[in-house]
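# Overview (structure and organization)
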Amino acid sequence: VETMRITNGSFNSVGSVGIGTATPARLLHVAGGYVMCDEATVPTYLLRETTNNREWGIRGRTERLEFMDHLNNNVFMSILHTSGNVGIGTTAPERTLDVRGNALIKDTLADLLLDGNRTSDGPIGRVNFYNTAGADVVATISADRDGANDAGAITFDTQPASGGNTERMRITSDGNVGIGTTA
């Protein structure tokens, strides 16, 4: 049984290597199995684009998989082995998705969906504004269930110095606006 073939100029006038195939379609064509990088410390797959001198790497660490700019050793995204958390701009994501830096959602109708599941009144989804310098959530915008599963209110909470987050304004499901009151 043939397991490897090297051709003479069938692709871009150079020889091609076929592993598991007698008709390699590219310079290296692996068919019918996995490609394994067996390295004791940091196994890395390297993709090099020679025209603009770019190198992209996919490397494995003990606790994470990293996608990186190999030339500058700059990790763009990592996935933690133990939790499956994905980090963009961080190698230690703290949540399911942890983005360090600015994020952009762009489309004709840019849509960010916070999908809660609440059958009693209270918060369904919220945006918390966290100040790292003070190690505290200093403001919150929240969508609350408001009397029925298909009714919602919006609340705005702020925090004074040395205080706690307090609801300052509410827009009820029927459109009433309360400022300084929760009723």
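Refer to the preceding data block for the structure.
The present account deals with the structure reproduced in this document. (Residues numbered from 1 in each chain as written. Predicted model: local features only at pLDDT ≥ 70, side-chain atom pairs only at ≥ 80, totals over all residues. Heavy atoms only, no water.)

### Observations regarding the overall build of the chain
- Looking only at helices and strands, one finds zero helices and 14 strands in the chain.
- Along its sequence from the N terminus, the chain presents helices and strands in the succession β-β-β-β-β-β-β-β-β-β-β-β-β-β.
- Compactness check: the chain gives a C-alpha radius of gyration of 26 Å against a globular reference of 16 Å for 183 residues, more than 25% above the reference.
- Dimensions of the chain, computed from C-alpha atoms along their principal axes, come out at roughly 80 × 35 × 30 Å.
- Counting over 183 residues, the chain shows a buried share of 20%.
- Approximately 13,400 Å² of the chain is accessible, and the part contributed by carbon and sulfur atoms is 53%. (Helix = DSSP H or I, 4+ residues; strand = E, 2+ residues; numbered from the N terminus. Rg over C-alpha atoms; globule rule 2.2 N^0.38 Å. Buried < 20%, exposed > 50% of the residue type's maximum accessible area, 1.4 Å probe, protein only. Areas by Shrake-Rupley, 256 points an atom, 1.4 Å probe, with all protein chains shown as cover.)

### Concerning the sheet that holds strand 11 (residues 136-145)
- Ordered in space as 10-11-12-13-14, the five strands form an open sheet in which the pairing is antiparallel. At either end of the open sheet lies a strand with only one pairing partner, and these are strand 10 (122-131) and strand 14 (177-179). Between one strand and the next, the sheet's axes are offset by a mean angle of 20°, whatever the strand orientation.
- Pairing of strand 11 with strand 12 (residues 152-158) involves seven bridges; the strand directions are antiparallel. Bridging across to strand 12, Ser142 finds its partner in Thr155. (Pairing = 2+ DSSP bridges. Axes fitted to C-alpha atoms, helices over the stretch in contact; angles between N-to-C directions.)

Such coordinate-based values are descriptive only and should not be taken to indicate function.
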